[in-house]
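Spelled out, the chains give:
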Amino acid sequence: MLYTLKLAKNLIDKAGRSKKYRLLAVILAAKFLLSILAIITISYLAINAQNADAAYGVNSATKQVRTADNPAVYYLDHARGLKKAYVSAKAFLAYGNKWSDIKVISGEELNKWPEVRLVKSASGQAVYYISNGQKALIESEQEFINSGFKWPDIVTISEADLVEYKTADLKVAGAMVDYSGNPLSVALDSSSPKADYLVTNTQDNLVAVFSLKVDSKPAQIKQLVLDLKGVFNSDLIKEIYLTNESDIEYPVFASPNNRQATFNFTGEPIIISPGEVRKIKVYVNFNDSSANIINHTFQVAINQAVNITGAKALGVFPLAGENFKFISGAGVLESVIANEQSLSIGNNQAVIGSTEKNIGKFNLAETSGRADVFIKELKFANNGNVGSTNLNNFKLKNKAGQIVATAPSMTSDRELIFKLNDYKIKKANSETFTVLADVVDGENNTINFYLDKAKVLSSQGNFNLYVNITNLDEIITIKREAVGVVAKELKANNKVFTQQTGAIIGNFEIRNNNQKISLNRLSFSLEKNSATPGLTETVYLVDYNSGEVYGYFNGDKFNSGMVNISLNGLNLTAKQNLVVALITKIPESAPNGGYYKIILNSLNYRNDSGALFSDTVNSAGVKLIVNKSNLYLYSNNELGDQAFIKGEHNIKIASFIIEGAAGGDTKITGLTFSRGSDSSGAISFDNGFSNLKFYIGSSQIKVIKNPYLGDLTVEGFIYVLKAGARAEIKVYTDTEIDLGASEVQLAISNVAAVNNSSLIPAVVNNLNVNSHKATFGLVSAEVSKITDGFITKGEDDNVIAGFK
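All figures in this text were calculated on a predicted structure; none of them were measured in a lab.

### A few points about the overall build of the protein chain
So, point 1. Looking only at helices and strands, one finds six helices and 62 strands in the protein chain.
So, point 2. Counting the 804 residues in the protein chain, one finds 47% classified as buried.
So, point 3. Contacts in the protein chain between residues at least 24 apart in sequence constitute 76% of all its contacts with a sequence separation of at least 6.
So, point 4. In the structure as shown, the protein chain presents an accessible area of about 39,400 Å², 48% of it carried by carbon and sulfur atoms.

Laid out in structure tokens, this is it:
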């Protein structure tokens, strides 16, 4: 605003040379004071807007709600303060809603909102009364009025929503209302601008505000004709548009024709309820003009009552706004141009689920070098067919990467509006803005945003500058990135065998893209060579990293082709990967060298908005080559039978030899020891045995401190026996002096082992082989002397000592 006074001073210095400069100096000083008043007014409106957002205690961003104890979902119309229940899931999804949008609020909060009772579809004029999932047609406007309804309470809903309501058996008779007898008070509003100067090559110039009011009946304004008065060239008028009291534009425009501007509201009439005051604000955009405009003037008026169609207008006609004088901004005001810039090569696609996708790039520059300018608003329109629900969370960034404005979504007209709060561009400088958005949905839809309008304020006064805009025609197509699948090696992971045992016959990593999805189904098929038998055991689908079982089926289902496994909506967040494995037991008849290969054919899922997709994958897994390990068990004949004295500790009571055949290493994970076939003694703590220690080679694999009667199970270890190698399996124990067994013998009744590469169970030969016996005797005899003895010369057989 300091520039306003500075420019006014410069113009006063030039006053002697041109009336134009004297006039502009006066208006600039006046505009300075009006700017101060505007700031005060905006602050007041902002405070009141905050109070409005807090109505009923629910944040204005919350629109889809339900209570914790009731599944019914409601839409909250914050503009009218009404709620409407969805009568079906189809009605809810018809608006592009997502189930994740639903917020849970208390019943007390929900009860504060009155129910929507009056609805119409966007494609028709018929109005219905709705209640408890039923609808009744209101057949006439007279019936509507007689029922005490208000026109602003009519809510427009989708046709797909409306058809979900059952038709009630209710008929309403009546005829259409003739609005010509409905008095409408029309006046020039007190907020209408006072006499001032209009500058050429500016836009958004407010020239008049009219107020309209009805007392007894609602009114629908279907047409308004404005008379344009004054001395001016018609080609100076670029555009005239109207807004309501909240500066929301009516979707109608007009160009002067015989000094009149006609606005038709037949598609969407201006509805005025009894006792309500509505305002119509008139704005004008001006072209630049090289013609002489000295002493030219401009005024907007409603000359007569018939200029308003839809009600019987009452007022002191003609109703005219103030008479404005023209001055030229040429050579005095700033100059602003805007150019759309080409996106980078390869940026012609937007992947569903991506965030902060670059969908437009625009440069705004002040080219006159006279003064700084301030950007108030940028409005983008879309030449593509992308829907208003396909993109959201819009951001506007400057060239430094800072977010300077945001917009949660497009308007219902698919326009994108950024409020920039007077973003400054210095004189003779430029700024580049990037438009970013989150891509929610809309496969194969197109994005082609162009800058439709820029509201730029001069720093030399409260003038909205005209912006020369040049747009490109670059199309971005929305694509859905298929869920990726990668086959992984058939490497063992102990977690996958938490609940099931067998061989991993397929292992796949599912790599999710940028969107949240719910996996519904995976389809698999089996490939094998002809000599290899089909699968006959249960096949389990498990989470490779946790061992969680997702589903199972009998292996012989592969004989019929593809097998589908339901995942019941398994949720994957964006960028999340899931590794799944198929596990089963390989038939014993499968020959070495045969193979099995699993193919993941397709996956079926829903995206975050509920749309169902099926991706064909045909990812071939790694071949499982049948490779069985052969193990042989023997008694350790080098040790033979052994004898021990009761009470000895750490004695070896059994020894076996285990041998692996050539061809593949074997992983041993469990041994079971039973009584030998010739054993009479039980190896138990009660019988005097303790601290049993089990070894394979030099590796201690288990200690059982207090053994009990029955088989001895040794597990929880991994021992890899190399192909062609041998190892000793040995058992040690401590005994008590009062040991209750005179001999013991152990046998190996089971070996848990698999081929270390294929994980196919090993073939174990000579199970139940016996170890050599171990016998236990009493302690050594005690010797005592009974005589010293004597010798007689010449005699044989002399006793020399006696012992007991």
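Let us keep going from here.
### Topic: the pairing of strand E52 (residues 689-696)
So, point 1. The buried fraction of E52 amounts to six of the eight residues, a majority that puts the element mostly inside the structure.
So, point 2. Two strands pair when backbone bridges link them, and E52 and strand E55 (residues 726-735) are joined in this way by six bridges, in the antiparallel orientation. Each residue of the ladder has a partner; that of phenylalanine 694, found in E55, is valine 731.
So, point 3. Looking at chain direction, E52 and strand E53 (residues 699-704) are connected through five bridges and run antiparallel. Within E53, the position partnered with phenylalanine 694 by the bridge is lysine 702.
So, point 4. The hairpin turn running from E52 into E53, its antiparallel successor, is two residues long, and glycine 697 in that turn takes a positive phi close to 60°.

### Observations regarding the sheet that holds strand E48 (residues 630-635)
So, point 1. Strand order in the open sheet formed by six strands is E53-E52-E55-E50-E48-E58, and the pairing between neighbours is mixed. Pairing within the sheet leaves two strands with one partner each, and these edge strands are E53 and strand E58 (763-765). Direction aside, neighbouring strands of the sheet carry axes that sit 20° apart on average.

### Some points on the nonpolar core
So, point 1. One finds Ile510, Leu519, Leu522, Phe524, Leu541 and Ile586 to be the most contacted residues of the largest nonpolar core, which totals 43 residues.
So, point 2. The greatest single-element share of this core, amounting to six residues, is contributed by strand E44 (residues 577-584).
So, point 3. In terms of nonpolar packing, the next biggest core, distinct from the first, is built from 42 residues, Ile352, Ile375, Leu391 and Leu465 among them.

### Some remarks on the confidence of the model for the protein chain
Low-confidence regions, as indicated by low pLDDT, have predicted coordinates that should not be scrutinised in detail.
So, point 1. Looking at the protein chain as a whole, the pLDDT averages 84, with 87% of positions reaching at least 70.
So, point 2. Long-range and interchain partners of residues 1-54, a stretch whose pLDDT sits below 50, account for 53 contacts in this model, where long-range means more than four residues apart.
So, point 3. Residue range residues 170-180 is modelled with pLDDT below 50. Its contacts to residues more than four positions away, or to other chains, number 25 contacts.

### Observations regarding the side chain of threonine 200
So, point 1. Checked against the element boundaries, threonine 200 lands in the loop between strand E11 (197-199) and strand E12 (205-213).
So, point 2. The exposure class of threonine 200 is buried, given its relative accessible area of 0%.
So, point 3. Within the local environment of threonine 200, its side chain forms a polar contact with the backbone nitrogen of glycine 329, the two atoms lying 3.2 Å apart.
So, point 4. Those residues in contact with threonine 200 that sit more than four places away from it in its chain are Leu236, Phe286, Asn287, Asp288, Ser289, Ile293, Phe326, Ile327, Ser328, Gly329 and Leu333.

### Quick notes on the sheet that holds strand E31 (residues 416-425)
Hydrogen bonding along the main chain pairs the strands of a sheet, whether they run parallel or antiparallel.
So, point 1. In space, the four strands of this open sheet follow the order E31-E28-E34-E35, with antiparallel pairing throughout. The sheet terminates laterally at E31 and strand E35 (464-465), the two strands that pair on one side only.
So, point 2. Judged from the seven bridges that link them, strand E28 (residues 373-382) and E31 form a sheet pairing that is antiparallel. Residue pairing in the sheet places phenylalanine 380 in a bridge with leucine 416 of E31.

### Examining unusual backbone geometry
Excluding glycine, residues mostly carry a negative phi; peptide bonds, for their part, are mostly trans.
So, point 1. The backbone of aspartate 247 sits at a positive phi, close to 65°, despite the residue not being glycine.
So, point 2. Its place among the elements puts aspartate 247 in the loop between strand E15 (237-243) and strand E16 (249-254).
So, point 3. The phi angle at asparagine 421 is positive, at roughly 55°, despite the residue not being glycine.
So, point 4. Mapped onto the elements of the fold, asparagine 421 is located in strand E31.
So, point 5. Looking at asparagine 421, the relative accessible area reads 72%, which means it is exposed.

The rules behind these values
Residues numbered from 1 in each chain as written. Predicted model: local features only at pLDDT ≥ 70, side-chain atom pairs only at ≥ 80, totals over all residues. Heavy atoms only, no water. Helix = DSSP H or I, 4+ residues; strand = E, 2+ residues; numbered from the N terminus. Buried < 20%, exposed > 50% of the residue type's maximum accessible area, 1.4 Å probe, protein only. Contact = heavy atoms within 4.5 Å. Areas by Shrake-Rupley, 256 points an atom, 1.4 Å probe, with all protein chains shown as cover. Pairing = 2+ DSSP bridges. Axes fitted to C-alpha atoms, helices over the stretch in contact; angles between N-to-C directions. Core = buried A, V, L, I, M, F, W, Y, C linked by side-chain atoms within 4.5 Å. pLDDT = per-residue confidence, 0-100. Polar contact = N/O pair within 3.5 Å; in protein donor to acceptor, adjacent residues only side chain to side chain.

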